[in-house]
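# Notes for the structure review
The residues making up each chain are set out below.
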Amino acid sequence: MDLKRGSSSQSAYNLRSALPEGEERRTLSVLVDNESGVLARVIGLFSGRGYNIESLTVAETDHTGHLSRITVVATGTPMVIEQIKAQLERMVPVHRVRDLTVESPSVQRELALVKVANTGEQRVESLRLKDAFRAQVVDASLKSFVFELTGDPEKIDAFVDLLRPLGLVDVSRTGVAAISRGPDGM
Amino acid sequence: MVDNKNGTMTGAAMVIKALTDQGVDTVFGYPGGAVLPIYDELFKQNQIRHVLVRHEQGATHAAEGYARSTGKPGVVLVTSGPGATNAVTGMQDALMDSIPMVVLTGQVPTFMIGNDAFQEADTVGITRPCTKHNWLVKDTDALSKTIHEAFYVATTGRPGPVLIDIPKDVQFADGVYTSPRNAKIKTYEPRVKGDLTQIQQAVELIREAKQPVFYTGGGVINSGPQASQLLRELVAATGFPITSTLMGLGAYPASGESWLGMLGMHGSYEANLAMHDCDLMICIGARFDDRITGRLDAFSPNSKKIHIDIDPSSINKNIRVDVPIVGDVGHVLEDMLRIFRSGGAKTDAAAIADWWKVIETWRAVDCFSYKNSDEVIKPQYAVQRLADALVKHGDYYVTTEVGQHQMWAAQYIPFEAPNRWMTSGGLGTMGYGLPAAVGVQMAHPKSLVVDVAGEASFLMNMQEMSTAVQYRLPVKVFILNNERLGMVRQWQELLHGERYSSSYSEALPDFVKLAEAFGGKGIQCSQPGDLDEAIAEMIAYDGPVIFDCLVEKHENCFPMIPSGKAHNEMLLSSDVDPEKIANAIKSDGAVMV
Ligand SMILES: Cc1cc2nc3c(=O)[nH]c(=O)nc-3n(C[C@H](O)[C@H](O)[C@H](O)COP(=O)(O)OP(=O)(O)OC[C@H]3O[C@@H](n4cnc5c(N)ncnc54)[C@H](O)[C@@H]3O)c2cc1C
Ligand SMILES: Cc1ncc(C[n+]2csc(CCOP(=O)(O)OP(=O)(O)O)c2C)c(N)n1
């Protein structure tokens, strides 16, 4: 199969819309000072300049160094992606920006909590799917389950899609966290 | 300085000490409740002059004028809430035009933030997109360090405005002062030296070029006078033609041999055609703005492009270039000249001579010519007469408002040196020129400072006449009074079927009386024959003057590349045929501004 880099079209159960011609999907890892307003700055950059974000996660990753790591999944033409990187890099609280899609092999993970309400055969089927995807049950009642699933976004898309006809109620996803493979740090 | 016994001082005192340590001699501001402690400290010292403007927007443009004409950052001090929001336009203006500016705002005390306190506004939130960076300082110990960081951020890389929001309790509290030496930013370190292999590559292209052109911009001015000097050397060494954006005028002298005039929407025919037909474009400190490129897919289709810029985000933003060089203009040109000369400073002289012959045929079109009149003052003529008087006088600075008059000033007034021309290019802020002139005159009290204005723009910040009078700043406001929002009217004529919707000024004040009411001098001129004498009178007067020059009301500014058109689809004043104009401006361009 001829796949575009960064595209998620390898998933048969793709929730994400196909990208317009010439656009790519990139995962950027951004190391920032954990100061107040830093997230607003990054988000403001994307909204102000009309860039597309598919996912954005942030949390402090180095308490003593006061650093947070923001993972952004953005889409755009290569020229726009280059702009996004350059614009991020010139922001004062930003230490470093890495394009994890092209600069090095990387792993991406997302966590989802998925609630289904069902009984009978649907309930049994949803448990079978849980096992097939190696999800966990984190809450249960006689009429419902909450599953926890970790994986790359495509896997979560697929799981959610399969549960849809089985009484899907709610989905909560963390967005993508990503890191490069191998011994080197950012 | 009011050091307390234990080596600490109040936040307010710290502000003054930090500004002094940063070499600040002038602050443009307006007081209010949330900055009173700082004003109290200003009162107690005399190293820093405070200029009381009449509106906070005026303070920001005055700071811009000060900054552009000196190369130093402009400093603004305003109160919370309305003081801060009034300063927003000037910050966005400085952001677009790469002007270093430090804005200090008062804020309600930390314990009241978020409670809709009196004169509270989320200043940091409002100004985040219109500053390079901003800070809310919640701790007096961090205040001086933050101020030093702010100066560093404002003046390095692509310069721009920064803002520090200082709650009133932080101004009153005591804290420890940090000197500039001990305040370094870890994350922000723009690159100034260019990559040598890329510079080498650029030099190869320069050696081989047959139809080259230098396209220079505001970044050369930002880089300092040395950069302009190096640019002149490089132009002389290569013999290549050079054009500049509106923001870069003066970096290369208008009297220089290789000068083609300004390029872009209202730039010269020869400059725009040279850009369109060149085989090598050497862009130095300019950002491929849409006033320059016109239709992107038709922009200089056959050229290789070199781009020198200190900000990586300026490169490949609108136009893909072949040789990007990230670095400071001065540093890069120094390396470039050295490498070029070490290889014998060779160019394809025969091809360059042929290229100049082509350019001369474009020059012969005489694109800035216009039909003059004996009865009514043509605005172009007025600016030419003014330019003549300025050159005779020498040592002049020119600011402008925004509109047709701004373009005529750029077309007809020659600049021989950098930092002499201040105009609002990127944002195009009407009301910029008078306060900017106030800022320039503060920095250069002995020089001649003229604001070339339109009557509509002047009315937007005319309150600053009062500042000029108070500080004895002899600024001259030269109004090309067409009783129209001329630039808007021109677009309506060309693009909207001559439907002049709200583009005329009715009920204009008597500008002579207005000048007198402010305590300045008013001069009116309506006859072409009287112009020279009236201009001489304006220049000779030792005080602020409003010169009301009554000009032709429906003059259009040419040449003009209609929005969304290519460089070779330029309209000249001789294209009087309405059909030709209508054809050149089809509706697809009308969506662009
Ligand atoms: C009514 C109106 C009409 C206009 N018509 C025209 C027109 O016909 N022609 C025209 O040219 N403009 C025109 N303008 C202005 C236009 O909108 C832009 O402001 C202008 O073209 C931008 O100039 P610039 O490219 O030199 O960039 P600037 O805005 O001056 O930007 C400077 C560039 O240099 C870089 N830089 C800064 N410092 C350094 C350094 N030390 N070293 C290296 N790089 C540095 C910056 O990163 C930036 O990319 C008009 C404006 C108005 C209001
Ligand atoms: C603050 C602001 N509002 C609106 C505009 C849009 N605008 C651009 S030029 C212009 C007309 C300016 O008229 P005037 O100052 O008389 O100058 P002229 O064009 O007649 O020389 C207007 C309204 C602007 N640039 N700035």
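This is a predicted model, so every value here is computed, not measured. Per chain, the residues get numbers from 1 upward, laid out in the order the sequence is written. Each chain is given a letter, starting from A, and each ligand a number, starting from 1, according to the order in which they appear as written. Given that the model is predicted, a residue must reach a pLDDT of at least 70 before its local features are reported, and side-chain atom pairs must reach 80 or more before they are shown or counted; all residues, however, enter totals for whole chains, interfaces and linings. Side-chain descriptors were evaluated using all non-hydrogen atoms of the structure, hydrogens and water having been removed beforehand.

The next subject is the environment of B:Glu533. Each helix is a run of H or I in the DSSP string that is no shorter than four residues. Each strand is a run of E no shorter than two, and both are numbered from the N terminus. Its location among the elements puts B:Glu533 in helix α23 (residues 531-540). The cut-offs for exposure are 20% and 50% of the maximum accessible area for each residue type, with area from a 1.4 Å probe on protein chains only; residues under the lower value are buried, those over the upper are exposed, and the others partly exposed. Overall, the relative accessible area of 67% leaves B:Glu533 in the exposed class.

Residues and elements named next belong to chain B. In this structure, Met336, Ile413, Phe478 and Phe547 are the most contacted members of the largest nonpolar core, which totals 108 residues. For Phe478, the contacting residues outside a window of four places in its chain are Ala382, Leu386, Val450, Asp451, Val452, Ala453, Ile535, Met538, Phe547 and Cys549. Core analysis: the next-biggest nonpolar cluster, separate from the first, contains 40 residues, Val53, Ala87, Ala515 and Ile546 among them. What is meant by a nonpolar core is a set of buried Ala, Val, Leu, Ile, Met, Phe, Trp, Tyr and Cys residues, joined one to another through side-chain atoms within 4.5 Å. By the convention used here, residues are in contact when the closest approach between their heavy atoms is within 4.5 Å.

As a further point, take the interface of chain A and chain B. The interface is formed by 15 residues belonging to chain A together with 18 residues belonging to chain B. Buried area is understood as the total, over both parts, of accessible area removed when two parts are fitted together, assessed with a 1.4 Å probe. Of all residues in chain A, the largest losses of buried area upon contact with chain B belong to A:Arg41, A:Met79 and A:Val92, amounting jointly to 43% of the total for that side. By salt bridge we mean one thing: a side-chain nitrogen of Lys or Arg within 4 Å of a carboxyl oxygen of Asp or Glu. Connecting chain A to chain B are two salt bridges. In this structure, the salt-bridge partner of B:Asp311 is A:Arg90, at a minimum N-O distance of 2.8 Å. Nitrogen and oxygen atoms within 3.5 Å of one another constitute a polar contact, given that in protein one can donate a hydrogen and the other can accept it, and given that sequence-neighbouring residues count only through two side-chain atoms. Viewed at the interface, chain B and chain A are joined by seven residue pairs in polar contact (both at pLDDT 80 or more). Within the residue set of the side of chain A that touches chain B, elements represented by two or more residues are α1 (38-49), α2 (78-89) and β4 (94-99) of chain A. For the side of chain A that touches chain B, the leading source of residues is α2(A), giving five residues. Gly counts as polar in this scheme, as do all residues outside two lists: the nonpolar Ala, Val, Leu, Ile, Met, Phe, Trp, Tyr, Cys and Pro, and the charged Asp, Glu, Lys and Arg. For the side of chain A that touches chain B, a count of residues per class yields six nonpolar, four polar and five charged.

Time to look at the site of ligand 2. All names here are of chain B. Distances are taken per atom, and a residue is near a molecule or strand as soon as one of its heavy atoms is within 4 Å of it. With respect to spatial proximity, 17 residues lie near ligand 2, and among them Gln404, His405, Gly428, Ser457 and Gly486 are the closest. Between Ala456 and ligand 2, the recorded distance is 3.2 Å, taken from a backbone N or O atom to an oxygen atom. In the environment of ligand 2, an oxygen atom lies 2.9 Å from a nitrogen or oxygen atom belonging to the backbone of Met487. When the free accessible area of ligand 2 is taken as 590 Å², the share hidden by the protein chains comes to 76%. Of all elements in the fold, only α17 (404-412), α19 (455-460) and α21 (486-495) reach the threshold of two or more residues within the shell around ligand 2. Examining the composition of the shell around ligand 2, we find that four residues originate from one element, α19, more than from any other. Among the residues forming the shell around ligand 2, the class breakdown is seven nonpolar, eight polar and two charged. Each accessible area is a Shrake-Rupley result for a 1.4 Å probe, and residues are judged covered by the shown protein chains and nothing else.

So, about the pattern of salt bridges. Residues and elements named next belong to chain A. In the structure shown here, the tally under the stated rule is 36 salt bridges over all chains. Notably, a salt bridge pairs Arg98 with Glu103, separated by 3.9 Å at the nearest N-O pair. Here Glu103 falls in the partly exposed class, since its relative accessible area comes to 39%. A salt bridge links Arg173 to Glu110; the shortest N-O distance between them is 3.0 Å. Pair noted here: Arg173 is in strand β8 (residues 168-173) and Glu110 is in strand β5 (residues 106-117), with a separation of 63 residues, a long-range link. Arg173 sits in the partly exposed class, given a relative accessible area of 30%.

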